[in-house]
Amino acid sequence: MDIPYPCRPIPSRVITESGVDHVRLAYDYLDAGDADGYGSLLDTDALGTELGWPRPPGIRHLISRIVADGDCVVVMGRLAPQHREFVDVFTLSAEGMLRSCRRYYADGQA
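Here the structure is a predicted model, which is why all the values come from computation and not from measurement. (Residues numbered from 1 in each chain as written. Predicted model: local features only at pLDDT ≥ 70, side-chain atom pairs only at ≥ 80, totals over all residues. Heavy atoms only, no water.)

Some details on the overall build of the protein chain
Definition in use: A run of H or I in DSSP becomes a helix once it reaches four residues, and a run of E becomes a strand once it reaches two; helices and strands are each numbered from the N terminus. All accessibility values rest on the Shrake-Rupley procedure with a 1.4 Å probe; residue burial counts only the protein chains present in the view.
If you tally the helices and strands in the protein chain, you get two helices and four strands. Along the chain direction, N to C, the helices and strands of the protein chain fall in the order α-α-β-β-β-β. Total accessible area on the protein chain stands at roughly 7000 Å², and carbon and sulfur atoms take up 54% of it.

Side note on the packing of aromatic side chains
Working definition: an aromatic ring pair is given by the centre-to-centre distance plus the angle between the planes. Put simply, the test is: The aromatic pairing rule takes the rings of Phe, Tyr and Trp, using the six-membered ring of Trp, and pairs them if the centres are within 6.5 Å, calling planes under 30 degrees apart stacked, those over 60 edge-to-face and the rest tilted. Exposed residues in this analysis have more than 50% of their type's maximum accessible area, buried residues have under 20%, and partly exposed residues fall in between, with area computed by a 1.4 Å probe over protein chains only.
Inspection of every chain in the model, using the stated rule, returns two aromatic pairs. Where Tyr27 meets Phe86, the ring centres are 6.3 Å apart and the plane angle is 45°; that geometry is what we call tilted. Taken together, the residues span a long stretch of sequence, with Tyr27 in helix 1 (residues 13-32) and Phe86 in strand 3 (residues 84-92) at a distance of 59 residues. Judged by relative accessible area, which is 2%, Phe86 ranks as buried. Considering the side-chain rings of Tyr27 and Phe90, the 6.1 Å spacing of their centres and the 90° angle between planes classify their relative orientation as edge-to-face. Pair noted here: Tyr27 is in helix 1 and Phe90 is in strand 3, with a separation of 63 residues, a long-range link.

Points about the sheet that holds strand 2 (residues 72-80)
Rules: Two strands pair if DSSP finds at least two bridges between them. Here, axes are lines fitted to C-alpha atoms. For helices the fit covers the stretch in contact, and angles between N-to-C directions go from 0 to 180 degrees. Here, residues are in contact when the closest pair of their heavy atoms is within 4.5 Å.
Pairing within the open sheet is antiparallel, and its four strands lie in the order 1-2-3-4. The open sheet has two edge strands with one neighbour each: strand 1 (60-69) and strand 4 (98-105). Neighbouring strand axes in the sheet, compared pairwise and without regard to direction, differ in orientation by 20° on average. Here strand 3 pairs with strand 4 via seven bridges, running antiparallel. Residue pairing for strand 4: Thr91 is matched across the bridge by Ser100. This element, helix 1, spans strand 1, strand 2, strand 3 and strand 4 of the sheet and lies at about 170° to strand 1.

What to know about the nonpolar core
Inclusion rule: For the purposes of this section, nonpolar cores are sets of buried Ala, Val, Leu, Ile, Met, Phe, Trp, Tyr and Cys residues that join through side-chain atoms within 4.5 Å.
Counting residues in hydrophobic clusters, the biggest one holds 17 residues, and the most contacted among them are Val23, Tyr27, Val73, Val75, Phe86, Phe90 and Leu98. A per-element tally of this core places helix 1 first, with five residues.

Regarding the pairing of strand 3
Moving residue by residue along a regular strand, the side chains alternate between the two faces of the sheet. Pairing analysis gives eight bridges linking strand 2 to strand 3, with the strands arranged antiparallel. By the bridge assignment, Arg78 is partnered in strand 3 with Glu85. The hairpin turn running from strand 2 into strand 3, its antiparallel successor, is three residues long, and His83 in that turn takes a positive phi close to 60°. Between the end of strand 3 and the start of strand 4, which pair antiparallel, lie five residues, with Gly96 showing a positive phi angle near 90°.

Some thoughts on the side chain of Asp88
Defined as follows: Here a polar contact is recorded for every N or O atom pair within 3.5 Å, except that within protein the pair must consist of a potential hydrogen donor and a potential acceptor, and residues adjacent in sequence are included only if both atoms are side-chain atoms.
Here Asp88 shows up in strand 3. Polar contacts involving the side chain of Asp88 include one to the side chain of Tyr27, which spans 2.5 Å.

Considering unusual backbone geometry
With an omega of 10°, the peptide bond running from Ala80 to Pro81 counts as cis. Relative to the helices and strands, Pro81 is located in the loop between strand 2 and strand 3.

Here you go:
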């Protein structure tokens, strides 16, 4: 049986925890409009992110839960002031940097 994705080494718990810190910082930088700060958290081989720029002004991320395991961080929350629920799924690099992100909305719309 062929595996569709190449196997990557699973980062240590310390790297995963560092990645969670980077995810939290990413939302702080996004909400503050700090493109340089946000960019500093991305891996050099980042695959693009749905959290990229430009962002509409005034949007705040209200995080309700973060779950992390290995190279994956899942964030649940809502956007304010729209009160739109979202789930972001991050993939971390071996160093704990943000490699990719995919956003899903509760209403199924992009």
